[in-house]
Amino acid sequence: MTPENVVSLVRQALEILVLISAPPLVVALAVGLLVSVFQAATQINEMTLSFIPKLLAVFAALVLAGPWMLSTMVEFTRALFEAIPQLVG
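The rules behind these values
- Residues numbered from 1 in each chain as written.
- Predicted model: local features only at pLDDT ≥ 70, side-chain atom pairs only at ≥ 80, totals over all residues.
- Heavy atoms only, no water.
- Axes fitted to C-alpha atoms, helices over the stretch in contact; angles between N-to-C directions.
- Helix = DSSP H or I, 4+ residues; strand = E, 2+ residues; numbered from the N terminus.
- Parallel < 35°, antiparallel > 145°, perpendicular 65-115°, else oblique.
- Left-handed = near helix turned anticlockwise from the far one by under 90°.
- Nonpolar A, V, L, I, M, F, W, Y, C, P; charged D, E, K, R; others polar.
- Buried < 20%, exposed > 50% of the residue type's maximum accessible area, 1.4 Å probe, protein only.
- Expected span 1.5 Å × (residues − 1).
- Bend = angle between axes of the 7 residues up to and from the residue.
- Contact = heavy atoms within 4.5 Å.

As a packed pair, helix H1 (residues 3-42) and helix H2 (residues 47-82) sit with axes 9 Å apart at the nearest point and diverge in direction by 165 degrees. Classed by the angle they form, the pair H1 and H2 counts as roughly antiparallel. By crossing handedness, the relation of H1 to H2 is classed as right-handed. Looking at the contact of H1 with H2 residue by residue, the class counts come to 24 nonpolar, 5 polar and 1 charged.

See the structure below:
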């Protein structure tokens, strides 16, 4: 296994990591921004007010994007296992 192969595999793994983590993180960011604007407009400073909507939104994002996330991880893992003979030999 050459260093170029290792760097390529790590790069692919990091790309998959960013793609898979993007949906829940973007949803949490958007909901957090909306809740912050609401809190600033109403001058309500309650910590649980920002936590509960984010938790529910991230859960919904995971439910909606979960099949895509799982299939992406399975495809990468399958390709990695199938490439083992070429990488080792």
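One non-glycine residue, glutamine 43, adopts positive backbone phi at about 60 degrees. Following the sequence through the fold, glutamine 43 ends up in the loop between H1 and H2. Glutamine 43 sits in the exposed class, given a relative accessible area of 68%.

Now for H1. Taking 1.5 Å of rise per residue, 40 residues should cover 58 Å, and H1 covers 56 Å from first to last C-alpha, within 8% of that figure. Considering bend angle alone, the principal kink of H1 is centred on alanine 22 and spans about 45 degrees; proline proline 23 follows within four residues of it. Among the residues of H1, those classed as buried are Ile16, Ile20, Pro24, Ala28, Val31, Gly32, Val35 and Gln39. In this structure, the buried side of H1 is in contact with H2. Immediately beyond the C-terminal end of H1, within one or two residues, lies glutamine 43, with a positive phi of roughly 60 degrees.

By themselves, these are just geometric observations and shouldn't be taken as functional.
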